[in-house]
Amino acid sequence: ATTDGLLVLPLTRQRALASPGDGRGRGRAAPTADADATRFGGKKLLRAAAARRPAQLRLNRPEFESYLSTTVRFGTPAKAFELVVDTGSSATYVPCHDCTHCGKHLHGRRFDPRASSTSKPVRCKTKRDCRCGALQCQCAGGRCKYAIRYKEGSASRGRLFTDRVMLGAGANGSSPSSPSSKPSLLEGKVRFGCAAYESGLIFQQKADGLLGLSKARVSVLNQIASASKVPGANAFAVCASPTSGFLAIGQGTTAEEFPFCEAAVVRVPYMYNRRIKRKHLYAVALKSMAVGAAMVGGNAGGRDRDHPPVAVVVDTGSTLSYLPEGMHAAFVSRVDEALPAGSARAPRQLVSHRGDVCYTVGRDTRVGDFPQVRLSFSSGGAATGTNANASPSSPNATLALGPQAYLYQQTNRLRQKMYCLLFHPSKASEALLGSVMLENVLVGFDNDKHLLSFRRCRCDQWAQEAEERRASGT
């Protein structure tokens, strides 16, 4: 495996479903009462039945029906696939040549291990030989097989293979590079799934498959970093905008590398304790939350045993964001108290989906009239279960979210403008920050230093500069 400087891959926002006609109210659609039932923390393509969306509803945030994807190549000769970038999943899989029930997807491509000179099936005598970690695997007929089923009903299952996997340096027909135009390539022998069956939203989505980037050992970057000892391969960052963005791999995600990002950075150590049920997820400790000047609650001191910090999962594969039910109720109350003049909680009959919280506003009210939300994270210590080997975090680890991050606009059946909350209640004990709420934030995941980082950034600027370089031939 090789790297040459910082590897930067373009991200695109694809419509969630293969057929545009299927996308209205399905896929990663507007928030629904079913949201918590669709497995927050796994595949989060939300299943909002089209019949439940009133025809009069208009969303002003089209990225709700989308996901972030990038191009990855498999095998020798290499074949390109478009994969969902998901830090909340461990598995990487593509449709297999002999799949009996796989969707058409974006390009209709299939991976044929027989056509790759470097492909090998993962053989086994027992399940332990498959080294699947968090994945559900079995050893059948001397071959390792995987099966993944998501709570919203979709599934992927098939066989495991080992083959070359390449990110960058022409993975999408061009030469992704750092802003300094240095060509980059990251490749290695990786175990991944070759799907023989897909169902539900996995079957319907445009993307060919999924790129799992969780902390689990079976995630692609962890496999490459572990096998090759490539410096920096275990650190990456995701920067998403409503239309595009980039995935950066390496330790160089600094303001110098990305001049269109702000210099200020918030660094927070990973959270490790028994309150994190899914150990492969990226979680940090939230000690307090504020709406404007009013505290929502939490553990302001970070060491209060009666009010321990709340675990917050950061997950690029989730469109929406979630708070535990009690915390969500307190958050809504604080927003109610800080409404702009002329605004009021929308009556239930005007809200498109049961459980949504929306506000009717005056004609001249803008989203910027709503208060800012501040998330204050713990800087570490035994009380939060952070890793003792983590690098130093920011002394004042606070992420400020403007109202455009946690609100989206609707027009109800009375043609009134409404703003609705992107935070939704969850029965889980953790909170979750999804990709829409973190738009135009460079989110760093450093598995060597055990740190998450947040940096304000114009995430579509890299794609614009890359296009200008291609046009000028530089």
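Going along each chain's sequence as written, the residues are numbered from 1 onward. Under the rules for a predicted model, residues below a pLDDT of 70 receive no local features and side-chain atom pairs below 80 are neither given nor counted, while totals for whole chains, interfaces and linings still include all residues. For side-chain calculations, the full set of non-hydrogen atoms in the structure is used, while hydrogens and water are omitted.

Colleague: Can you walk me through the overall build of the protein in this structure?
Modeller: Secondary structure elements are defined from DSSP: runs of H or I of at least 4 residues count as helices, runs of E of at least 2 residues count as strands, and each element is numbered from the N terminus. Along the backbone of the protein there are 5 helices and 28 strands. With 474 residues in all, the protein has 57% of them scored as buried. By definition in these notes, contact holds between two residues if any of their heavy atoms fall within 4.5 Å. In the protein, the share of contacts with a sequence separation of at least 24, taken over all contacts with a separation of at least 6, comes to 73%. What sets the accessible areas is the Shrake-Rupley method with a 1.4 Å probe; for residues, cover comes only from the shown protein chains. For the protein, the accessible area works out to roughly 19300 Å², and carbon and sulfur atoms hold 48% of it. Remark: exposure states derive from per-residue accessible area (1.4 Å probe, protein chains only) relative to the maximum for the residue type, with buried under 20%, exposed over 50%, and partly exposed in between.

Colleague: How should I be thinking about the nonpolar core in this particular structure?
Modeller: Nonpolar side chains tend to gather and get buried jointly when the protein is soluble and globular. Membership of the largest hydrophobic core comes to 90 residues, with the highest contact counts inside it found for Leu167, Phe331 and Phe454. Apart from the residues lying within four places of it in its own chain, the contact partners of Leu167 are Leu7, Leu9, Val72, Leu185, Leu186, Leu211, Val220, Ile224 and Ile249. We define a nonpolar core as any set of buried Ala, Val, Leu, Ile, Met, Phe, Trp, Tyr and Cys residues linked to one another through side-chain atoms lying within 4.5 Å. Listed in part, the 20 residues of the second largest apolar core include Tyr93, Cys137, Tyr150 and Ile202.

Colleague: Explain the pairing of strand E3 (residues 66-74) to me, please; I cannot follow it from the model alone.
Modeller: Every regular strand shows the same layout, with side chains that alternate between the two sheet faces. Summarising burial for E3: 9 of the 9 residues are buried, a large majority. The alternating pattern of E3 places Ser66, Leu68, Thr70, Val72 and Phe74 and Tyr67, Ser69, Thr71 and Arg73 on opposite faces, both of which are buried. Pairing of E3 with strand E4 (residues 79-86) involves 6 bridges; the strand directions are antiparallel. If you follow Thr70 over to E4, its bridge partner there is Leu83. What makes two strands pair is DSSP finding at least two bridges between them. Here E3 hands over to E4 after 4 residues, with Gly75 in that stretch at a positive phi of 85 degrees. Across 2 bridges, the pairing between E3 and strand E9 (residues 155-168) is antiparallel. Residue pairing across strands places Phe74 opposite Val165, the latter belonging to E9.

Colleague: Mind showing me how you'd approach the packing of aromatic side chains here?
Modeller: What counts as a ring pair is set by centres within 6.5 Å for rings of Phe, Tyr and Trp (its six-membered ring), and what kind of pair is set by the plane angle: stacked under 30 degrees, edge-to-face over 60, tilted for all other angles. With the rule as written, the count across this model stands at 19 aromatic pairs. Here the aromatic rings of Phe74 and Phe81 are separated by 5.7 Å at their centres, their planes lie at 80 degrees, and the arrangement is edge-to-face. Here the aromatic cluster, defined as three or more aromatic residues joined through ring pairs, consists of Phe236, Tyr270, Tyr272, Tyr282 and Phe445. Any Lys NZ or Arg CZ found within 6 Å of a ring centre and within 35 degrees of that ring's normal is scored as a charge over the ring. Lying over the aromatic face of Tyr197, Arg157 brings its terminal NZ or CZ to 4.0 Å of the ring centre.

Colleague: Would you explain the pattern of salt bridges in this entry?
Modeller: A side chain of one charge can pair with a side chain of the opposite charge if their charged atoms are brought near each other. Salt-bridge detection follows one rule: a side-chain nitrogen of Lys or Arg within 4 Å of a carboxyl oxygen of Asp or Glu. In total, this model carries 7 salt bridges according to the counting rule given. Residues Lys427 and Glu325 are paired through a salt bridge, measuring 3.3 Å at the closest nitrogen-oxygen approach. Of the two residues, Lys427 sits in the loop between strand E25 (423-426) and strand E26 (431-433) while Glu325 sits in helix H3 (residues 325-337), which places them 102 residues apart along the sequence. For Lys427, a relative accessible area of 66% gives the class exposed. A relative accessible area of 43% means that Glu325 is categorised as partly exposed. Notably, a salt bridge pairs Arg334 with Glu337, separated by 3.1 Å at the nearest N-O pair. Here the residue Arg334 and the residue Glu337 both occupy positions in helix H3, the gap between them amounting to 3 residues, near one helical turn. Here Arg334 falls in the partly exposed class, since its relative accessible area comes to 29%. For Glu337, a relative accessible area of 58% puts it in the exposed group.

Colleague: I'm lost on the side chain of Ser376 in this one. Help?
Modeller: For Ser376, the position within the fold is in strand E21 (residues 373-377). A 3.5 Å cut-off defines polar contacts: any pair of N or O atoms within that distance qualifies, except that in protein one atom must be a possible hydrogen donor and the other a possible acceptor, and neighbouring residues in sequence count only when both atoms are side-chain atoms. A polar contact of 3.2 Å, which involves the side chain of Ser376, links it to the side chain of Thr398. Residue contacts for Ser376: discarding those within four places in its chain leaves Ala285, Leu286, Lys287, Ser288, Ala397 and Thr398.

Colleague: Sorry, what's going on with the state of the cysteines here?
Modeller: Each disulfide consists of a covalent bond between the sulfur atoms of two cysteine residues. Count a disulfide wherever a pair of cysteine sulfur atoms falls within 2.5 Å. One pass over the full model with this rule turns up 8 disulfides. Across the disulfide, Cys124 is cross-linked to Cys139 (sulfur-sulfur distance 2.1 Å). Its S-S torsion of approximately 100 degrees makes the covalent link between Cys124 and Cys139 right-handed. Of this pair, Cys124 sits in the loop between strand E6 (120-121) and strand E7 (136-140) while Cys139 sits in strand E7; the two residues are 15 residues apart in sequence, bridging distant segments of the chain. With a relative accessible area of 10%, Cys124 lands in the buried category. Judged by its relative accessible area of 25%, Cys139 is partly exposed. Between Cys130 and Cys144 runs a disulfide, and the two sulfur atoms are separated by 2.0 Å.

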